[in-house]
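Breakdown of the fold
As a plain string of letters, each chain reads:
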Amino acid sequence: MSILLRHDQDAIATLTLNAPERLNALSDEMLDAIQSQVDELMTDRSIRVVILTGSGKAFCAGHDLKQMTAAREANDHGAAYFKDLFDRCAHMMQSLQNLPQPVIAQVHGIATAAGCQLVASCDLAIADDACKFGVNGVNIGLFCSTPMVALSRNIPRKRAFEMLTTGRFISAIEAVEVGLINNCTPIDQLEIDTMALASKIAEKLGSAVKIGKQAFYEQLQLPLARAYEFTGDVMVENMLNPDTAEGIDAFLNKHAPEWDQ
């Protein structure tokens with residue numbers, strides 16, 4: 001059985017972390033499998049939205065501590081392995097944001113440490129209303145420094161720092177309140193609600209969503225005036241797209257657009 005499953009339905013690809021016996025930990029194998037699929041999706045114009053979910057009773061419990069412990073037996077006590085591991089994980093997380101397609105995390109059970117980082121690295125997230133989120137590495141003496149990067153870019157800094165230093169888990173309702181996830185829903189409604197959101201996005205012009213997603217993350221890093229200058233150029237590029245002209249014409253003439261992309 002593959003450690004990562006992919007199912008395509010219309011223009012939506014669902015990637016399922018499939019190591020339930022290890023709570024879908026981000027092992028070397030899991031990181032490689034996710035990265036491989038993300039690399040494929042990068043150029044797949046037939047897919048407009050990606051859903052990321054997990055099998056079993058948890059979304060993702062973070063890094064594989066058993067693998068990490070085994071690496072300590074190396075001559076350098078695992079230093080080279082750990083550096084490579086965290087570099088590969090950071091690359092994968094950034095690749096999710098670099099995808100042209102929006103990525104929705106469909107979260108259930110728990111999302112801890114790097115699993116919480118994975119949720120924070122997705123563009124959107126919906127969780128079951130009993131789900132728990134934490135960056136709880138501090139409880140075992142390992143501060144969640146890399147998960148902190150994504151977390152602190154999603155939620156207010158004092159909430160993030162509290163989670164990081166206390167190891168406290170937050171509920172799905174609190175995760176909505178602080179902006180870590182978009183919504184929470186009963187577990188039997190989770191897949192339905194996630195697919196409804198994905199379908200709504202997939203109906204839109206793919207090239208417009210692609211340019212918009214790229215611009216969204218880039219403008220966040222810019223000063224206000226430069227952000228407006230940059231996004232103005234993006235709007236010009238978007239307006240020159242023939243499919244955008246078709247969309248505007250369809251709206252003005254009250255008919256459905258016929259898009260090529």
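So, here's what we can say about the structure. Not measured: the values here are computed from a predicted model.

Quick notes on the overall build of the chain
- When you go through the chain residue by residue, the secondary structure sums to 11 helices and 9 strands.
- Expected size for 261 residues packed as a compact globule is a radius of gyration near 18 Å; at 20 Å, the chain falls within 12% of this value.
- Here the C-alpha coordinates of the chain stretch approximately 65 × 45 × 35 Å along the principal axes.
- Out of the 261 residues belonging to the chain, those deemed buried represent 46%.
- When contacts within the chain are restricted to residue pairs at least 6 apart in sequence, long-range pairs at least 24 apart make up 67% of them.
- Carbon and sulfur atoms form 57% of the exposed surface of the chain, whose accessible area is close to 13,800 Å².
- In the chain, 21 side chains carry a positive charge and 33 a negative one; their mean positions are 7 Å apart.

Observations regarding the sheet that holds strand β1 (residues 4-9)
- Judged by pairing direction, the sheet is mixed, and its 6 strands sit side by side in the order β1-β2-β3-β4-β6-β9 without closing on themselves. Only two strands of the sheet have a single partner each, and these edge strands are β1 and β9 (183-185). In this sheet, adjacent strand axes meet at a mean angle of 20° when their direction is disregarded.

Looking at the side chain of T14
- Looking at the secondary structure, you find T14 in strand β2 (residues 12-17).
- Leave out the neighbours within four places in its chain, and T14 touches L5, R6, H7, I51, T53 and M195.

Topic: the packing of aromatic side chains
- Inspection of the entire model under this criterion finds 2 aromatic pairs.
- Plain terms: the ring middles of Y81 and F82 are 5.8 Å apart, the flat faces sit at 65° to each other, and that makes the pair edge-to-face.
- You can call F82 buried: its relative accessible area is 16%.

Brief notes about a nonpolar patch on the surface
- Where nonpolar side chains cluster on the molecular surface, the patch consists of M239, I248, F251 and L252 and spans about 470 Å² of accessible area.
- Considering each element in turn, the nonpolar patch owes the most residues, 3 residues, to helix α11 (residues 242-252).
- As for its placement among the helices and strands, L252 is situated in helix α11.
- Taking relative accessible area as the criterion, L252 reaches 61% and is therefore assigned exposed.

Regarding the nonpolar core
- By size, the foremost hydrophobic cluster in this structure holds 55 residues, and its most contacted members are V107, V119, F133, L151, L180 and I181.
- Each residue touching V119, except ones within four places of it in the same chain, is listed here: F59, A105, V107, A111, A125, F133, L180 and I181.
- In terms of nonpolar packing, the next biggest core, distinct from the first, is built from 9 residues, A11, I12, V49 and A202 among them.

Reading the values: rules and limits
- Residues numbered from 1 in each chain as written.
- Predicted model: local features only at pLDDT ≥ 70, side-chain atom pairs only at ≥ 80, totals over all residues.
- Heavy atoms only, no water.
- Helix = DSSP H or I, 4+ residues; strand = E, 2+ residues; numbered from the N terminus.
- Rg over C-alpha atoms; globule rule 2.2 N^0.38 Å.
- Buried < 20%, exposed > 50% of the residue type's maximum accessible area, 1.4 Å probe, protein only.
- Contact = heavy atoms within 4.5 Å.
- Areas by Shrake-Rupley, 256 points an atom, 1.4 Å probe, with all protein chains shown as cover.
- Lys, Arg positive; Asp, Glu negative; His and termini not counted.
- Charge placed at Lys NZ, Arg CZ, Asp CG, Glu CD.
- Pairing = 2+ DSSP bridges.
- Axes fitted to C-alpha atoms, helices over the stretch in contact; angles between N-to-C directions.
- Phe/Tyr/Trp six-rings, centres within 6.5 Å; stacked < 30°, edge-to-face > 60°.
- Patch = residues over 30% accessible without salt bridge, like charges linked within 9 Å, V, L, I, M, F, W, Y side chains within 5 Å.
- Salt bridge = Lys/Arg side-chain N within 4 Å of Asp/Glu carboxyl O.
- Core = buried A, V, L, I, M, F, W, Y, C linked by side-chain atoms within 4.5 Å.

Without other data, these values stay purely geometric and don't point to any function.
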